[in-house]
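Summary of structural features
Letter by letter, the chains look like this.
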Amino acid sequence: MRRHGPHKEDKPKNFRGAIRRLLAYLGGEMFVITLTTIFMVVSTIMAVLAPRILGEATDEIFSGLIRMGEGVGGIDFSRIGQILLIMLVLHSLNIIFNYAQGYIMAGVAMRVMYRLRVELSDKIHRLPLKYFDKNPHGDVLSRISNDVDTLANTLGSGISQALMSAVHIIGTIIMMLTISPILTLVALITLPISAACTAFVVQKSQKYFKAQQADLGKLNGHIEEMFTAHAIVKAFNGEKKSVEAFDEHNKALYNASWRANFFSGMMMPIVGFISNIGYVAIVVIGGALTLNGAMTIGGIQAFIQYTRQLGHPIAQLAGVASVFQQTAAAAERVFDFLGEEEEDLGGEIFSTQSATQAATQTASGFESTRKDLHVPPEPKTLLKKTFVGRVEFKNVCFGYEPDTPVIKNFTAEVKPGQKIAIVGHTGAGKTTIVKLLMRFYDVASGGIFVDGKNITEYERDELRRHFGMVLQDTWLFSGTIAENIRYGRLDASDEDVKNAARAAQAHHFIRVLPDGYGMQINEEADNISAGQKQLLTIARTILANPDILILDEATSNVDTRTEIQIQRAMDNLMQGRTSFIIAHRLSTIRSADLILVMRDGDIAEQGTHDGLLAAGGVYEKLYRSQFEESA
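Reading the values: the criteria
Residues numbered from 1 in each chain as written. Predicted model: local features only at pLDDT ≥ 70, side-chain atom pairs only at ≥ 80, totals over all residues. Heavy atoms only, no water. Salt bridge = Lys/Arg side-chain N within 4 Å of Asp/Glu carboxyl O. Buried < 20%, exposed > 50% of the residue type's maximum accessible area, 1.4 Å probe, protein only. Pairing = 2+ DSSP bridges. Helix = DSSP H or I, 4+ residues; strand = E, 2+ residues; numbered from the N terminus. Axes fitted to C-alpha atoms, helices over the stretch in contact; angles between N-to-C directions. Core = buried A, V, L, I, M, F, W, Y, C linked by side-chain atoms within 4.5 Å.

**Quick word on the pattern of salt bridges**
- With the rule as written, the count across this model stands at ten salt bridges.
- With a closest N to O distance of 2.9 Å, Asp442 and Arg439 form a salt bridge.
- Exposure remark for Arg439: the relative accessible area of 0% places this residue in the buried category.
- Of the charged contacts in the structure, one is a salt bridge between Arg489 and Asp496, with a shortest N-O distance of 3.7 Å.

**Some remarks on the sheet that holds strand E3 (residues 419-424)**
- Ordered in space as E6-E9-E10-E3-E11-E12, the six strands form an open sheet in which the pairing is mixed. In this open sheet, the two strands that pair with only one neighbour each are strand E6 (467-470) and strand E12 (602-607). On average, each strand axis in the sheet is tilted by 20° relative to the strand beside it, whichever way the strands run.
- Across four bridges, the pairing between E3 and strand E10 (residues 578-582) is parallel. Within E10, the position partnered with Lys419 by the bridge is Ser579.

**Topic: unusual backbone geometry**
- One non-glycine residue, Asn395, adopts positive backbone phi at about 50°.
- Structurally, Asn395 is set in strand E1 (residues 391-398).
- A positive phi is found at Asp451, a non-glycine position, where the angle reads about 55°.
- With respect to the helices and strands, Asp451 occurs in the loop between strand E4 (445-450) and strand E5 (453-454).

**Structural notes on the nonpolar core**
- Ile481, Ile485, Ile510, Leu536, Ile589, Ile595 and Tyr619 are the most contacted members of the largest nonpolar core, which totals 44 residues.
- A total of six residues in this core trace back to one element, the largest contributor, which is helix H18 (residues 530-544).

The quantities given are spatial measurements derived from coordinates; they are silent on function.
Structure follows, in structure tokens:
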């Protein structure tokens, strides 16, 4: 069970850089954003003009009442009707343009997030296997789902809200100046105080938002792990330990979240309190100016409305500032993932510097950004059309950690078409050799050669296209049985799929299943047995028709009768193909052309089954111990 240590609530490495790189993804949407900004300005003008015009209606009513008192006239209701009609038009236009800009920005956000998710998906396939060995899968999923959703929410509403609030503040200040510069000065005194308080809260809360996103990733990782291995948890009575680990992660998330929300929640009350102090001062000074005749009743009413309107967008900006804290933390995690070192396709490791440059180019469109993000190097060598299958290991050394070697000076030569068995105790390095051959990892020193060429000179995908693997840990995708077999060769016909299933001894059990080849395998693939899953993976490999076979305990999950049938099919499949067989049951490799006996990362013995038994060495002891256990 994976356990995570306490999270360090460090400050983000580059807050401004993360926001800047996020905004860079809007570069291809500049025309649409400009159009949206125009809609925002028009909508804000409509909203800003309304209080001033409503103040004229108040002045008209007040003047009419004065005239009525003096007996020289009354209220001009036609004028008030015109003003109300203008107000109706202004508010209608405000709603229309406000809706239009919100609709457009939502589309911008979804397009940008679509592109970002595509890049993340591409990135996953370009990352080396060691990245997933060292990072929890749940944390990776959290970056792709939760963190990207946070970015989508900000782009969809946060940015437009921030722009609209800024335009609203500017427009409101202009209208306030036209009414009373003195009262405007009083109102603006509160702005720097509010800004200082907001900056202080933002600085304090950012590290907690970063911790919140990281702890959320750990919690998701634990949940994903527990649901995937729920049968193992129940079998070993691990529910209590699982709940304890969940509580640990949940408490860490709770502590980071309540601190982040506590600080961000302080923004609006603080800004509101400061705004209310300014409001009281404006009411007192405005009343004095009205009594002195320097302002009208409608003017003071409009100014008070503008004061309240000024406080609202400032409070919105404060709220958006807290949202941007969480967004910056999410963006940093996403861009850190995009900046991870990638698996080299040919001879040189792809530099992530181009990805950083592409993310900061605001003027270039999405297509150019995508090209800059991943420009694969030109392949040095393609595998020959006529593939021979000669494999050589020359002084190969490797360790998953630099100070802990697993393979030590491994040297072996495999001739084309040979069937090579690799045996040894657990931890001897058998599976590691296969991972190095497939270039899931690169050797620390020495070299592996296929058809006389170092495998580092081949493109990885082209190299792996000639390999077929059947692993002890089976993996099937959610889909039909036919689709899972066809994964070995996507252009295969239905008859090809059935022939592969027959060769793998799987056709009989598939026929009696509900819907046969069209039966849906669920997400956990637990609606068929372990042995049936193994047969399907073997059928998938047979359909791929590879040049080199790698069988890692391929028959470990089937019964003895089925194992014999599969062994016959495998013997036919391995004819004329170089084959590597990792086996614990030595009875299955008697017919191997060459057996490599590994011990402590090196070859202890090599030879045929009969020759190694006659030698009386490590292999003979392994074989006798298994024979005695069987007896």
